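# Structural overview for review
Each chain, letter by letter, is given below.
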Amino acid sequence: MIEHVITAFQDVFAFNNLLLMFLGTTAGLIAGSIPGFTITMAVVLTLPFTFGLSAVEGLATMIGVFVGGLSGGLMSGMLTGIPGTPSSIATTFDGFPMTRRGKPGLALGLGVWSSFFGGILSAVLLVTLAPSLARIGLKFGPWDYFALVLFALTITASLSGEALVKGIIAGLLGLFVATIGEDEINGVARFTFGSETLESGFAFLPVLIGLFAFSQLLSDVQDTDKAREPLMKSVEAKGIRVEHWAAIKLIFSRWTNVLRSSLIGVFTGVLPAPAGRSRTSWPTTRRRRPRRSRRPSGPVPRTASSRRKAPTMRRPAAP
Amino acid sequence: MPISRDSVVAILLLALCGVLWHASYDIEITNYGTMAGTIWPRIIIVAVALFSALMLLTSLLNRPAEDKAPAETPTPLLKRYRNALIIYVLFLGFLFTLPTLGMHLGGALFVFLPLTALGRPSPKLIAIHAAVAVVSIGVMWSIFTFGLRVILPQGEILPI
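No experiment lies behind these values; they were computed from the predicted model shown.

## A closer look at the overall build of chain A
Helices and strands together make up the secondary structure of chain A, namely 14 helices and two strands. Relative to its 319 residues, chain A shows a buried fraction of 37%. Sequence-distant contacts, at least 24 apart, represent 67% of the contacts inside chain A between residues at least 6 apart.

Shown next as structure tokens:
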């Protein structure tokens, strides 16, 4: 095994592969920061450029796009409140309030560096434990998935704190929206009300943008004077400096958060179908916080918990 | 006696559950498969209805406590939601005129009109809003059309 790891290191650190990774990561960052432009789309667009490359070079480029896209999604999520990618949803919960409180540099730093540390931890865990984790993942059957989805729903409901009933209703309504359109098992239309548009159901991305962008817009325009105010009052428009050291210090001061969130990411990532690792990790971290700090603009480390990288073993989800 | 917002939401949800339950009878029952397409939606509808009823009950029972709270200055409903209504109406207008105006014209109008409707209507600001609308939609349209080769709705007025 060791010789394989050494060979892989030699390949990864070859100059041309590093250059391709740099280009791929840059492209991924740009693609991920555009709301509505998914990482999958970016990887697919990159694919034709890799035909003339070797297998290692092509993989390095596409993994660069994928990882860059994951980090790029947090930029729009934190700065505008509109997640660039579905995996960045949880960064809007804390990152955007931090930005509005005049700390965009710290929010971005936390997102980028927790992505980095989470990615390293996940990679180490995968290199050492991949065969065992794969065995566990492949043993998951329908009942296990059902239990996992039920678990995800319960923790989603718990996010609403004391308004538990409202949280459960919101979760159930989300489930109901997913039933609209063609039934995947029997192939019959459900709740389309005669509309052909509804037959294909609701795609995740438009729903995501509608939920986050439109709701943010509506809450902002309620008061016309407030709507005219800049997003960040205390930050000058000259530019935002990413606070790297402050972010790293904060992440290390709460290292258990990084470890716990990485483990959650690795476990849910090895399962063949489930997505939404960040949404699993975020409420878990939130529940670990003292009650007084569970407000939306609350403490910093929850932003870190949503930025754990996913392991690369995950199979593509069914369309 | 004023009704609380939670009660209104719960009543609306119960009404929605009724409509959806009725609509579930339109789902075709097939003679194949082990589970009909109606089962899961109905389970969800029943669950939503039960929790909505619970919410209604809770909101009605908690109402006296809410009444004791110091009353805020009431804001007229239309004034409170005026801007949100404008956005909704303009968005619906954007959707319905998209096949005619296309993404470029419709998009530019959809950016320009909310900015002007919600902002102060001075000639200088109107000119700025128009410039912002044209530039932002122009850049977006160019990126999708030329960069990503994505065909956006062309419209009938300016089919490009």
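## What to know about the overall build of chain B
A count of helices and strands for chain B gives six helices and zero strands. Ordered by position in the sequence, the α and β elements of chain B form the string α-α-α-α-α-α. Expressed as a percentage of the 160 residues in chain B, the buried residues total 18%. A separation threshold of at least 6 residues defines the contact pool for chain B, and within that pool the share at least 24 residues apart is 66%.

## So, helix α8 (residues 164-179) of chain A
Residues and elements named next belong to chain A. Taking 1.5 Å as the rise per residue, α8 with 16 residues should run 22 Å; its terminal C-alpha atoms sit 23 Å apart, in good agreement. For α8, the set of buried residues is Val 165, Gly 167, Ile 168, Ile 169, Gly 171, Leu 172 and Thr 179. One or two positions beyond α8, positive phi appears at Gly 181, with a value near 110°.

## Some thoughts on the interface of chain A and chain B
If you look at the interface, chain A gives 22 residues, while chain B gives 23 residues. Every element with two or more residues in the side of chain A that touches chain B is listed here: α8, α9 (204-221) and α10 (224-228) of chain A. Among the elements that make up the side of chain A that touches chain B, the one with the highest residue count is α8 of chain A (nine residues). Across the side of chain A that touches chain B, the residue classes tally to 15 nonpolar, four polar and three charged.

## Concerning the nonpolar core
All names here are of chain A. Met 78, Ala 107, Leu 110, Ala 247 and Ile 251 are the most contacted members of the largest nonpolar core, which totals 16 residues. Elements represented by at least two residues in this core include exactly α4 (55-80), α5 (89-100), α6 (104-138) and α11 (244-253). When residues in this core are grouped by element, the largest group, six residues, is from α6.

## Comments concerning the confidence of the model for chain A
Residue and element names in this part refer to chain A. On average, residues of chain A carry a pLDDT of 76, and 76% of them reach 70 or more. Mean pLDDT across the elements of chain A ranges from a minimum in helix α14 (residues 301-305), with 50, to a maximum in strand β2 (residues 189-190), with 90. Predicted confidence is poor over residues 291-301, with pLDDT under 50, and the contacts of this stretch with residues over four places away or in other chains come to 19 contacts. In the predicted structure, residues 308-319 sits below a pLDDT of 50 and forms 30 contacts with residues beyond four places in sequence or in another chain.

## Concerning the packing of helix α5 (residues 82-118) of chain B against helix α6 (residues 123-147) of chain B
All names here are of chain B. For the pair α5 and α6, interaxial distance at closest approach is 8 Å and the crossing angle is 145°. Our pair here, α5 against α6, has a crossing hand that is right-handed. On α6, the residues that touch Met 103, His 104, Gly 107, Ala 108, Val 111, Phe 112, Leu 115 and Thr 116 of α5 are Ile 126, His 129, Ala 130, Val 132, Ala 133, Val 134, Ser 136, Ile 137 and Trp 141. Classifying every residue of the contact of α5 with α6 by side-chain character gives 12 nonpolar, five polar and no charged.

## Some thoughts on the confidence of the model for chain B
Chain-level pLDDT for chain B is 85 on average; 90% of the residues reach the 70-or-more range. Complex prediction metrics read pTM 0.64 and ipTM 0.71.

## Digging into the packing of helix α1 (residues 5-24) of chain B against helix α2 (residues 39-61) of chain B
All names here are of chain B. Closest axis-to-axis distance for the α1/α2 pair is 8 Å, and the angle between their directions is 160°. When the axis of α1 is compared with that of α2, the two are roughly antiparallel. The way α1 lies across α2 gives a crossing that is left-handed. For the pair α1 and α2, the contacting residues are Asp 6, Ser 7, Ala 10, Ile 11, Leu 13, Leu 14, Cys 17, Leu 20, Trp 21 and Ser 24 in the first and Pro 41, Arg 42, Ile 45, Val 48, Ala 49, Ser 52, Ala 53, Met 55, Leu 56, Ser 59 and Leu 60 in the second. Residue composition of the contact of α1 with α2, grouped by class: 15 nonpolar, four polar and two charged.

## Points about unusual backbone geometry
Residues and elements named next belong to chain A. A positive phi angle is found at Phe 191, which is not glycine, with a value near 55°. Note on placement: Phe 191 falls in the loop between β2 and α9. At Phe 193, a position not held by glycine, the phi torsion is positive, near 50°. With respect to the helices and strands, Phe 193 occurs in the loop between β2 and α9. Overall, the presence of 10 C-beta atoms within 10 Å leaves Phe 193 in the exposed class.

The rules we used
- Residues numbered from 1 in each chain as written.
- Chains lettered and ligands numbered in written order.
- Predicted model: local features only at pLDDT ≥ 70, side-chain atom pairs only at ≥ 80, totals over all residues.
- Helix = DSSP H or I, 4+ residues; strand = E, 2+ residues; numbered from the N terminus.
- Buried ≥ 20, exposed ≤ 12 C-beta atoms within 10 Å, placed from the backbone.
- Contact = placed C-beta atoms within 7 Å.
- Expected span 1.5 Å × (residues − 1).
- Nonpolar A, V, L, I, M, F, W, Y, C, P; charged D, E, K, R; others polar.
- Core = buried A, V, L, I, M, F, W, Y, C linked by C-beta atoms within 7 Å.
- pLDDT = per-residue confidence, 0-100.
- Axes fitted to C-alpha atoms, helices over the stretch in contact; angles between N-to-C directions.
- Left-handed = near helix turned anticlockwise from the far one by under 90°.
- Parallel < 35°, antiparallel > 145°, perpendicular 65-115°, else oblique.

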